[in-house]
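# Architecture at a glance
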Amino acid sequence: GFVDDFTIGRSPSSTKSSHQRLAEDLIMRMSEILTCGATLSIAKFKIAPSVEKFGYKIDKSGIYIPTEILDDLILHVPQSEEELTSRLGRIQYFGELVPDIKNSTKLIRDGMRDTYDQEKLNSLWPHLQSALSNSLVIASFSPTNPTFIG
């Protein structure tokens, strides 16, 4: 196997001691890996307030789709069948953060089932834009943060 990055984080609801345990567990795993001939680079070590992993942005607010990726996905209507297929695949990847994404993409897939029709896509695309602009932030509960139920 190949491991390039280790990331540990602390949610607002976790304790300092639980974060300490995670760090200690990581150090133990790294020492096991080093005995197998792997190397670590201190130049790549960093402490950061946020990270981007696998297309998601993770910070103290939670896990969410970065604005630049969201804009790239929804601002412009795809101009070809290949571009549409690619875009829908990328949108599905972020599906857990988008309420009702399956119904929104199904509307477009069903509308384009028989033949690709740019005018039809232009009329259907705003439904998907609306769904994606309401994407969620997955966050840990913290009693110190305001809670909204909607």
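What you see is a predicted model, and the numbers here were worked out from it, not measured in a lab.

## Description of the packing of aromatic side chains
Evaluation of the coordinates by the stated rule reveals three aromatic pairs. Between Y56 and Y93, the ring centres sit 5.7 Å apart and the planes meet at 35 degrees, which makes this aromatic pair tilted. Within this pair, whereas Y56 is found in strand β2 (residues 56-59), its partner Y93 is found in helix α3 (residues 81-93), the two being separated by 37 residues in sequence. With a relative accessible area of 45%, Y93 lands in the partly exposed category. Seen in terms of ring centroids, Y56 and F94 are 5.2 Å apart; in terms of plane orientation they differ by 75 degrees. Their pairing is edge-to-face. Of the two residues, Y56 is situated in strand β2 and F94 in the loop between α3 and α4 (101-111); the sequence distance between them amounts to 38 residues. In this structure Y56 comes out as buried when scored by relative accessible area, which is 11%. Three or more aromatic residues link up through ring pairs in this structure, and these residues are Y56, Y93 and F94.

## Considering the nonpolar core
In this structure, L84, I91, I108, L121, W125, L128 and L132 are the most contacted members of the largest nonpolar core, which totals 21 residues. Elements supplying a minimum of two residues to this core: α2 (67-74), α3, α4 and α5 (118-133). For this core, the leading source of residues is α5, giving six residues. Once residues lying within four places of it in the same chain are set aside, the contact partners of L132 are L70, I74, I91, V98 and I101.

## Some remarks on the packing of α2 against α3
Between α2 and α3, the least distance of the axes is 10 Å, while the angle of their chain directions is 140 degrees. Viewed along their axes, α2 and α3 form a crossing whose handedness is left-handed. Residues D72, L73 and I74 of α2 touch α3, and the partners they reach there are R87, R90 and I91. Grouping the constituent residues of the contact of α2 with α3 by class yields three nonpolar, no polar and three charged.

Calculation rules
Residue numbers run consecutively from 1 along every chain, following the written order of its sequence. Only residues with pLDDT of 70 or above have their local features reported here, since the model is predicted, and side-chain atom pairs are shown and tallied only from 80 upward, although totals for entire chains, interfaces and linings are computed over all residues. Excluding hydrogens and water, the side-chain values take into account all heavy atoms of the structure. Side-chain rings of Phe, Tyr and Trp, where Trp is taken by its six-membered ring, are said to pair if the distance between their centres is within 6.5 Å; with planes under 30 degrees apart they count as stacked, over 60 as edge-to-face, and otherwise as tilted. The secondary structure listing takes helices from DSSP runs of H or I that are at least 4 residues long and strands from runs of E that are at least 2 residues long, numbered from the N terminus. The buried label applies to any residue whose accessible area, calculated with a 1.4 Å probe on protein chains only, is under 20% of its type's maximum; exposed applies above 50%, and partly exposed to all values in between. Nine residue types can take part in a nonpolar core, namely buried Ala, Val, Leu, Ile, Met, Phe, Trp, Tyr and Cys, and a core is a set of them joined through side-chain atoms within 4.5 Å. Residues are treated as being in contact if the distance between any of their heavy atoms lies within 4.5 Å. Note on geometry: axes are C-alpha line fits, over the in-contact stretch for helices, and angles between N-to-C directions span 0 to 180 degrees. Here a crossing is taken to be left-handed if its near helix is turned anticlockwise relative to the far helix by less than a right angle, and right-handed if that turn runs clockwise. All residues other than Ala, Val, Leu, Ile, Met, Phe, Trp, Tyr, Cys, Pro, Asp, Glu, Lys and Arg, Gly among them, are scored as polar; the first ten of these are nonpolar and the last four charged.

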